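Fold and contact review
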Amino acid sequence: MAIAGDLTFNPLKDTLTNEKGEQVKLDEPTGYELPPKGFDVDDAGYQAPAEDGSKVTVLENAQRITSLWLAPG
């Protein structure tokens, strides 16, 4: 653990020495097992295809982007 400078440090059982030379133990972590409001997100980032059927044009010699195509079969 970075706080102790030792990979064998167990924050639930081991102690650290503070600036006064006292042995101190870290508080046990607290938190929620799962989000209290669930995983529901208002904006998931999805954008439906344009209703007018417009398409994106990708140049054939483009080096940073390419079109997806359906394989035959």
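Residues numbered from 1 in each chain as written. Predicted model: local features only at pLDDT ≥ 70, side-chain atom pairs only at ≥ 80, totals over all residues. Heavy atoms only, no water.

Remarks on the overall build of the chain
Note the following rule: For helices the rule is a DSSP run of H or I covering at least 4 residues; for strands it is a run of E covering at least 2, with both sets numbered from the N terminus onward. Each radius of gyration reported is based on C-alpha atoms, and the globular scaling rule is 2.2 Å times the count of residues to the power 0.38. Partly exposed residues are those whose accessible area sits between 20% and 50% of the maximum for their type, while under 20% is buried and over 50% is exposed, using a 1.4 Å probe and protein chains only. Note on areas: Shrake-Rupley, 1.4 Å probe, and residue coverage restricted to the protein chains presented here. We treat Lys and Arg as the positive residues and Asp and Glu as the negative residues; His and chain ends play no part in the count. We put the charge of a Lys on NZ, of an Arg on CZ, of an Asp on CG and of a Glu on CD.
For the chain, the helix and strand inventory stands at 0 helices and 2 strands. The C-alpha radius of gyration computed for the chain amounts to 27 Å, which surpasses the reference 11 Å derived for 73 residues by more than 25%, pointing to a less compact arrangement than a globule. On the principal axes, the C-alpha backbone points of the chain span a range of 70 × 35 × 30 Å. Per-residue burial over the chain gives 3% buried out of 73 residues. Just so you have it, the chain exposes about 8000 Å², and 53% of that area is on carbon and sulfur atoms. Each charge class in the chain can be summarised by its mean position, and for the 6 positive and 13 negative side chains these summaries are 4 Å apart.

A closer look at the environment of Asp 6
Quick reminder of the rule: Under the rule applied, a polar contact is a pair of N or O atoms within 3.5 Å (in protein, one hydrogen donor and one hydrogen acceptor; residues adjacent in sequence only if both atoms are side-chain atoms).
Within the element layout of this structure, Asp 6 appears in the segment before strand E1 (16-17). The exposure class assigned to Asp 6 is partly exposed, which follows from its relative accessible area of 39%. Polar contacts involving the side chain of Asp 6 include one to the side chain of Thr 8, which spans 2.9 Å.

Remarks on the environment of Leu 16
What counts here: When checking whether two residues touch, look at their non-hydrogen atoms; a contact exists if any pair is within 4.5 Å.
Looking at the element boundaries, Leu 16 is found in strand E1. Given a relative accessible area of 17%, Leu 16 falls into the buried group. Residues Leu 16 and Leu 26, spaced 10 residues apart in sequence, show a C-alpha to C-alpha distance of 8.1 Å. Setting aside residues up to four positions removed in sequence, Leu 16 forms contacts with Ile 3, Ala 4, Phe 9, Glu 22, Gln 23, Val 24 and Leu 26.

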